[in-house]
Each structure stands twice: as C-alpha cells, then as structure tokens.
Amino acid sequence: MAASPPPSRFGPPFLPLLLLLLVVGYFTASASAAGELSQVVGRGADGPYFEPFNVSYDHRAVRIGGQRRMLVSAGVHYPRATPEMWPSIIAKCKEGGADVIETYVFWNGHEPAKGQYYFEDRFDLVRFVKLVAAEGLFFLLRIGPYACAEWNFGGFPVWLRDIPGIEFRTDNEPYKAEMQTFVTKIVDMMKAEKLYSWQGGPIILQQV
Ligand SMILES: *[C@@H]1O[C@H](CO)[C@@H](O)[C@H](O)[C@H]1NC(C)=O
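Fair warning: this is a prediction, and the values are worked out from it, not measured in the lab.

**With respect to the nonpolar core**
Here comes step 1: Ranked by size, the top nonpolar core spans 57 residues in total, and within it I101, F128, L141, I186, M190 and I204 carry the most contacts.
Here comes step 2: Breaking this core down by element, the ones donating at least two residues are β3 (62–64), α1 (86–95), β6 (100–104), α3 (125–134), β7 (138–142), α4 (173–192) and β8 (203–207).
Here comes step 3: No other element matches the 8 residues that α4 contributes to this core.
Here comes step 4: Beyond its immediate sequence surroundings of up to four residues, I101 is in contact with A74, V76, C93, F128, V132, L137, F138, F139 and L140.

Here it is, written out as structure tokens:
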C-alpha cells in the first residue's frame, strides 16, 4: 500500500517524553531529493519499510522525498526500557503526534570492553530501529559518542579513560580514533540492515 507519510500533529497533550528537536546544523543528509515519498509499511519485520527516499534541506526546512516537513521527534532511550516494552512506547509516541523517534546510541552499553561489542536485549539497537520503522515513523540516530542524558559517564566506556594521552570531547587524536571506530561500527551496522532512508529504511537524520 502506498500512502503519504503521517502528517505532523501539534495539538496537546504531548507525551512528557516528546521533545521538539532542532536538527538544523546537526545532521548529515544525502545530497538531493526527488519525487514523492511513498511509505510501504507492512512488508514484514525486516522491511522494506519505505520506498527508498532522499533527505535534504533548504533555507527553511528539512526536505523528505522532496517535500518540506516540520518534524516532531520523540526521545526514546531504548536501553531504559525492555524490548518487550518498545512496541507500546513507540505506538504511544505516534499517538502523541511524533513523526520521528530519536535516541542516543549508548557507547558504554555497546562496547563494555574494548573491541567487545554487545547488541542484545536492551541494547538491540537494530531491533529498536526496525520497530520504529514498522510503526511508519522516521528515525534520528544520535550516535554520540557523548550522551548528555543522565547516563553514566556520558555514555563513555570506562576503558576509554585508560587510553594513553586521551582527552574527551575535544580535538584529541586518541579520542577521535576511538570515536571513529565506534561511529563507523554503528553506521556500517545500520547500512548492512538497510535502515537508511535511501535504502528504504527509517533513518532520515543522524547526529554526531
Ligand atoms: C537519491 O539521490 C541520489 C543521488 O542524487 C539519486 O541517485 C537517487 O536516484 C535518489 N533517490 C531517490 C529515491 O530519489
């Protein structure tokens, strides 16, 4: 079934967790957009969820599939709930008027020891993104690496402290090298699962 994307709704009441996120200046987007966006939600758990579409922006707005959109995003920090709770939380966000679900990616949960990754249970990020897509919502992937979200150590793995010469959140080579490894890991994972908009997935924006 082809349908238009869900319209933005602004009427109260907003869910407390709704968060209007200003994305201008904080995202990367693919080059150009052409044609109408048509959603194909409902082709099974592994997608595709949308006809592939491009995201761009002009002086006024983010453009999705060529159309200017005002986006309301709801923040849902996936590890703060269980996977069993995710579908109902996402559905409530949609009911409350969200177009987009946004979350940080919590590095210390995903790489508890250097080079040892964990993406299961509450940290099953791919599953979470797919559940959002299955609701027909878009996704804003905030890879961090720092998470300003009342999260232990800003989401940094503790082993990061022990890297010789490291300084956090600044122009520091050891920090940037570790950051690059983690960010690349997450982007490659999303790409392999075809979760970016140009692949027919829900991710329209991502933020470092
Ligand atoms: C998205 O942009 C690329 C690069 O400009 C283009 O090749 C592709 O056809 C576009 N996809 C859609 C669905 O418009």
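**Structural notes on the packing of α3 against α4**
Here comes step 1: Running from N to C, α3 and α4 cross one another at 50 degrees; their axes reach a closest spacing of 11 Å. The angle between α3 and α4 falls in the class oblique. As for the relative orientation of α3 and α4, their crossing is right-handed in sense. Of the residues in α4, those touching α3 at L125, V126 and V129 are I186, M189 and M190.
Here comes step 2: Of the residues assigned to the contact of α3 with α4, the class counts are 6 nonpolar, no polar and no charged.

**Some points on the side chain of E178**
Here comes step 1: Mapping E178 onto the fold places it in helix α4.
Here comes step 2: Those residues in contact with E178 that sit more than four places away from it in its chain are W107, K114, W159, L160 and I163.

**Examining the pairing of β6**
Here comes step 1: Counting buried positions along β6 gives 5 out of 5 residues, so the element sits mostly inside the fold.
Here comes step 2: Judged by which residues are buried, β6 turns out to be covered on both faces: V100, E102 and Y104 on one side and I101 and T103 on the other are all buried.
Here comes step 3: With 3 bridges joining them, strand β5 (residues 73–75) and β6 adopt parallel strand pairing. In the sheet register, G75 faces β6, and the bridge partner there is E102.
Here comes step 4: Handedness of the β5-α1-β6 crossover: right-handed.

**Looking at unusual backbone geometry**
Most peptide bonds take the trans form, and the phi angle of most residues other than glycine is negative.
Here comes step 1: A cis geometry characterises the amide bond from G144 onward to P145, with omega recorded as 5 degrees.
Here comes step 2: Not every positive phi belongs to a glycine, and E150 is a case in point at roughly 50 degrees.
Here comes step 3: Taking relative accessible area as the criterion, E150 reaches 81% and is therefore assigned exposed.
Here comes step 4: Phi is positive for K194, which is not a glycine, with a value near 55 degrees.
Here comes step 5: In this structure, K194 sits in the loop between α4 and β8.

What counts and how
Residues numbered from 1 in each chain as written. Predicted model: local features only at pLDDT ≥ 70, side-chain atom pairs only at ≥ 80, totals over all residues. Heavy atoms only, no water. Core = buried A, V, L, I, M, F, W, Y, C linked by side-chain atoms within 4.5 Å. Buried < 20%, exposed > 50% of the residue type's maximum accessible area, 1.4 Å probe, protein only. Helix = DSSP H or I, 4+ residues; strand = E, 2+ residues; numbered from the N terminus. Contact = heavy atoms within 4.5 Å. Axes fitted to C-alpha atoms, helices over the stretch in contact; angles between N-to-C directions. Parallel < 35°, antiparallel > 145°, perpendicular 65-115°, else oblique. Left-handed = near helix turned anticlockwise from the far one by under 90°. Nonpolar A, V, L, I, M, F, W, Y, C, P; charged D, E, K, R; others polar. Pairing = 2+ DSSP bridges. Right-handed = clockwise from strand over helix to strand, strands pointing away.

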